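Geometric and topological summary
Chain residues, written in single-letter form:
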Amino acid sequence: MPLYKNDRTVRIVLYGMMIALAFVFSYLEHLIPLNIGIPGIKLGLGNLVVLIALYTLGTGGAFVIAVVRIVLTGLTFGGLFSMLYSLAGGLLSFVVMALLSRSGRLHIAGVSICGGVMHNIGQLAVAMLVLETVNVWFYLPVLLISGAVTGVVIGIVGGLLVERLDKYLRLRR
Amino acid sequence: MIQRQALEKKKSFGRRDLILLLAVLVIGLIGIVILYTRPAALNGEVEVAVDGEVVMTLPLSEDTEVTIEGVDGGENLLVIQDGTAKIESASCPDGICVRHYAISRDGESIICLPNRVVVTIRGGEKGDVDAVV
């Protein structure tokens, strides 16, 4: 059965499902700490849902999911302060991914790589402003690599899922 | 039209994506080589800042243990040993600063976000072998 964009129930159900999924992924990520001595390295599982939303629900829907996910996980696991970091990384990453996915120059894996890298750069920028130190850029090379590696994995998984879910999630006008 | 688009099998990893991935990895690796192959700052100092203000400066060459009082009553135990500095224990919930590797090179720092504590290595002769006693 086709889904219609102006059907409120369909939108409520889809967004709710995506947000719940993103929330669970963020929780999973908290359970698996990547312990290599450098802060800020993450799998980016939450971004998987945002990426899929971007390619199926469109920019507006993906934006809602990205912001609600960060606010929810921030309030549940982190606190207002860590939410600020997540928001900076999440929003920068979202804007870059939204623009790149529309430009059509990169496939979903490339878009996801840029998202992962930009997420880390956004967080470093906030850390620099809050702590009034430029030393945080020391982490940049490691975070570039981790952002690219996790980004490409998330991107390929996202691509497989979009391919299979597209016909169920694509909303018609 | 919409249906045809949906049925088209979309590539998720193309040539441009591969170039992008390799470019980012190469830049990251070059950065790591430049930053982490430098020798330790032998005569350097350990600068401790809380909420942006420097509260103490300790020599990296002397073994010491100091408790840093961060914001909101948070505490971090700084240990300087064998020319490296690390946070042995801390009151913060995430413990990121405790898991951080021991620092010894000019400019390296350990950051505890909840307590707003930044421990940074400053200056020193960069690995001048003659300086070793």
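Everything below is about the structure shown above.
Residues numbered from 1 in each chain as written. Chains lettered and ligands numbered in written order. Predicted model: local features only at pLDDT ≥ 70, side-chain atom pairs only at ≥ 80, totals over all residues. Heavy atoms only, no water.

With that settled, consider the overall build of chain A. The helix and strand tally for chain A stands at 6 helices and 2 strands. Of the contacts made within chain A by residues no fewer than 6 positions apart, 71% connect residues no fewer than 24 positions apart. (Helix = DSSP H or I, 4+ residues; strand = E, 2+ residues; numbered from the N terminus. Contact = heavy atoms within 4.5 Å.)

Quick look at the sheet that holds strand β6 (residues 109-112) of chain B now. All names here are of chain B. Here 4 strands make up an open sheet; going across it, the order is β2-β1-β7-β6 and the pairing antiparallel. The open sheet has two edge strands, β2 (53-59) and β6, and neither has a second partner. In this sheet, neighbouring strand axes are inclined to one another by 15° on average, regardless of whether the strands run parallel or antiparallel. Alignment of strand β1 (residues 45-50) against β2, held across 6 bridges, turns out to be antiparallel. Paired with Val-46 across the strands is Leu-58, a residue of β2. (Pairing = 2+ DSSP bridges. Axes fitted to C-alpha atoms, helices over the stretch in contact; angles between N-to-C directions.)

We now examine the side chain of Ser-12 of chain B. Position of Ser-12 of chain B among the secondary structure elements: in the loop between α1 (2-7) and α2 (15-36). Setting aside residues up to four positions removed in sequence, Ser-12 of chain B forms contacts with His-107, Ile-108, Ala-109, Ile-156 and Gly-159 of chain A.

Between chain A and chain B, the contact holds 37 residues from the first and 39 residues from the second. Between chain A and chain B lies a buried interface of about 3,300 Å² when both sides are counted; carbon and sulfur atoms form 69% of it. The largest contributions to the chain A side of the interface with chain B come from His-107, Leu-131 and Phe-138 of chain A, which together make up 19% of the buried area. Summed over the shared surface of chain A and chain B, the number is 0 salt bridges. For the side of chain A that touches chain B, the secondary-structure elements that each account for two or more residues are α4 (80-103), α5 (108-131) and α6 (140-169) of chain A. Considering every element that reaches the side of chain A that touches chain B, the biggest residue donor is α6 of chain A, with 11 residues. When its residues are assigned to classes, the side of chain A that touches chain B shows 24 nonpolar, 7 polar and 6 charged. (Buried area = accessible area lost by both parts, 1.4 Å probe. Salt bridge = Lys/Arg side-chain N within 4 Å of Asp/Glu carboxyl O. Nonpolar A, V, L, I, M, F, W, Y, C, P; charged D, E, K, R; others polar.)

Before going further, it helps to examine the sheet that holds strand β4 (residues 75-81) of chain B. Residues and elements named next belong to chain B. Taken in spatial order, the 3 strands make up an open sheet running β3-β4-β5, and their pairing is antiparallel. Looking at the sheet topology across the chains shown, the edges are occupied by β3 (64-69) and β5 (84-90). Strand-to-strand twist of the sheet, defined as the mean angle between neighbouring strand axes without regard to direction, takes the value 25°. As paired elements, β3 and β4 share 6 bridges and run antiparallel to each other. Across the sheet, Thr-64 pairs through a bridge with Ile-80, a residue of β4.

Looking now at the environment of Arg-170 of chain A. Along the chain, Arg-170 of chain A falls in the loop between α6 and β2 (171-172). For Arg-170 of chain A and Thr-56 of chain A, which are 114 residues apart along the polypeptide, the C-alpha to C-alpha distance reads 5.2 Å.

If you check α6 of chain A, its first and last C-alpha atoms are just 36 Å apart, much less than what 30 residues at 1.5 Å a residue would give, namely 44 Å. When the local axis directions of α6 of chain A are compared, the greatest deviation, roughly 40°, occurs at Glu-163 of chain A. (Expected span 1.5 Å × (residues − 1). Bend = angle between axes of the 7 residues up to and from the residue.)

In this structure, Met-18, Leu-51, Leu-54, Tyr-55, Leu-57, Ile-65 and Phe-94 of chain A are the most contacted members of the largest nonpolar core, which totals 31 residues. Listing elements by their share of this core, those giving two or more residues are α1 (8-31), α2 (45-56), α3 (59-78), α4, α5 and α6 of chain A. Residue contributions to this core peak at 9 residues, all from α2 of chain A. If near-sequence neighbours (up to four positions away) are discounted, Tyr-55 of chain A is found in contact with Ser-101, His-107, Ile-108, Val-111, Val-162, Asp-166 and Arg-170 of chain A. Ile-103, Val-117, Val-119 and Ile-121 of chain B belong to the second-largest nonpolar core, a separate cluster that totals 20 residues. (Core = buried A, V, L, I, M, F, W, Y, C linked by side-chain atoms within 4.5 Å. Buried < 20%, exposed > 50% of the residue type's maximum accessible area, 1.4 Å probe, protein only.)

Let us now look at the pattern of salt bridges. All names here are of chain B. Summed over the entire model, instances satisfying the criterion amount to 5 salt bridges over all chains. We note a salt bridge from Asp-51 to Arg-116, for which the minimum N-O separation is 2.6 Å. Of this pair, Asp-51 sits in the loop between β1 and β2 while Arg-116 sits in the loop between β6 and β7 (117-122), and the two are 65 residues apart along the sequence. With a relative accessible area of 35%, Asp-51 lands in the partly exposed category.

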